[in-house]
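# Examination of the molecular architecture
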Amino acid sequence: MRIGVLVAIVFVCGVASNYAAQTGGSTFSATTLQRGIEAYLREQLGPDDEIMFPTPLHDIHFDEPMVVAHCRSVDRLAGRTEVELSFIAGSRQLRRIRVPVVITIYRMVPIAKHGMERGAVLTSDDIAYERRDATRLLDLLPDSLVGLRLAQSVTAGTPLLKSLLLGSGSVRNGEQVTLVLRSGAIAIRTQARTLQSAEVGRTVKVRRDDTGAVFVGRLTNEKTVVVELDRSSTPELRSEVP
């Protein structure tokens with residue numbers, strides 16, 4: 001949480017000093033408070049992000065002269081949130097209020113240039129960027145895209161979020177893989193679907209397409225699961241009713 005004196009305090013103090021000379025108090029106008037909060041938030045937001053005040057602010061008066069206001073964000077600066085104002089005279093805190101604000105975050109969001117099938121490996125030719133409302137997407141935007149695989153099919157214009165992407169060395173539940181059943185020098189290759197997510201090098205449960213038998217093998221790459229049938233140290237072959 002960032003704390004700071006409102007940028008507008010320079011003007012607020014001037015207003016308060018003038019007022020104090022006449023009446024012995026300090027007044028913060030609603031306009032001054034709103035401009036100060038906006039200036040405080042602008043230091044932390046992007047130039048295109050929008051700030052809205054859902055409820056109107058009101059003038060605030062204190063009997064004490066030379067009151068200053070400090071601003072503090074109490075939550076993440078995105079979506080519906082609040083900014084806290086503390087009014088201080090000398091070393092005394094006179095009042096503390098929370099001002100509701102709605103912040104809309106705009107970012108260049110990666111999108112699919114065209115429709116792509118599940119499992120496709122992304123290249124730079126597959127990706128475009130559009131300025132979009134990303135308020136709810138901030139934690140979902142990937143740091144990089146090229147070389148990752150799609151966890152599901154997408155249509156043109158679909159935002160390429162983390163939930164749609166697979167690393168180059170992983171599979172997710174329901175992916176089609178090649179199942180290799182190996183016993184000594186004999187190997188049988190067939191098709192299967194994963195029943196869980198896994199990283200390359202780890203074990204994963206799969207269901208064979210043709211028989212419905214379930215195996216636990218090692219994911220050797222993102223397309224292949226190997227089951228060693230004659231090694232006691234490897235997971236045993238198990239058959240289940242589909």
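Summarised in this report is the structure supplied together with it. Every value quoted in this text rests on a predicted model; they were computed, and no experiment measured them.

## Things to note about the pairing of strand β8 (residues 106-112)
When you tally the buried positions in β8, you get five out of seven residues, the bulk of the element. By the bridge criterion, seven bridges tie β8 to strand β9 (residues 127-133) in an arrangement that is antiparallel. Bridge assignment links I111 to a residue of β9, and that residue is A128.

## What to know about the pattern of salt bridges
Under the counting rule described, the total for this entry stands at twelve salt bridges. Across the salt bridge formed by E130 and R132, the nearest N and O atoms sit 3.0 Å from each other. E130 sits in the partly exposed class, given a relative accessible area of 37%. R132 sits in the partly exposed class, given a relative accessible area of 25%. Where salt bridges share partners, they join R72, E82, E84, R96 and R98 into one cluster.

## A word on unusual backbone geometry
Notably, M66 is not glycine yet its phi reads approximately 55 degrees, a positive angle. When you line up the elements, M66 lands in the loop between β4 (60-62) and β5 (68-73).

## Considerations on the packing of aromatic side chains
For the structure shown, the criterion picks out three aromatic pairs. For the pair F28 and F87, a centre-to-centre distance of 5.1 Å together with 65 degrees between the ring planes defines the contact as edge-to-face. Here F28 is found in strand β2 (residues 26-28), whereas its partner F87 is found in strand β6 (residues 79-89), with 59 residues between them in sequence. Comparing F28 with F87 shows no difference in burial state: the two are buried. Ring geometry for F62 and F87: centres 5.1 Å apart, planes at 45 degrees, overall tilted. Here the residue F62 occupies a position in strand β4, and F87 occupies one in strand β6, the gap between them amounting to 25 residues. Among the residues examined, F62 registers a relative accessible area of 7% and is labelled buried. Assessed through its relative accessible area of 0%, F87 is described here as buried.

## Comments concerning the nonpolar core
One finds I37, L41, L85 and F87 to be the most contacted residues of the largest nonpolar core, which totals 26 residues. Secondary structure elements with two or more residues in this core: α2 (30-42), β4, β5, β6 and β7 (92-104). At five residues, the largest contribution of residues to this core is made by α2. The next biggest cluster of nonpolar side chains, apart from the first, holds 13 residues, and it includes A192, A213, F215 and L219.

## Details of the environment of R172
Its location among the elements puts R172 in the loop between β12 (170-171) and β13 (176-183). In sequence terms R172 and V204 are 32 residues apart; their C-alpha atoms lie 9.9 Å from each other.

Analysis parameters
Residues numbered from 1 in each chain as written. Predicted model: local features only at pLDDT ≥ 70, side-chain atom pairs only at ≥ 80, totals over all residues. Heavy atoms only, no water. Buried < 20%, exposed > 50% of the residue type's maximum accessible area, 1.4 Å probe, protein only. Helix = DSSP H or I, 4+ residues; strand = E, 2+ residues; numbered from the N terminus. Pairing = 2+ DSSP bridges. Salt bridge = Lys/Arg side-chain N within 4 Å of Asp/Glu carboxyl O. Phe/Tyr/Trp six-rings, centres within 6.5 Å; stacked < 30°, edge-to-face > 60°. Core = buried A, V, L, I, M, F, W, Y, C linked by side-chain atoms within 4.5 Å.

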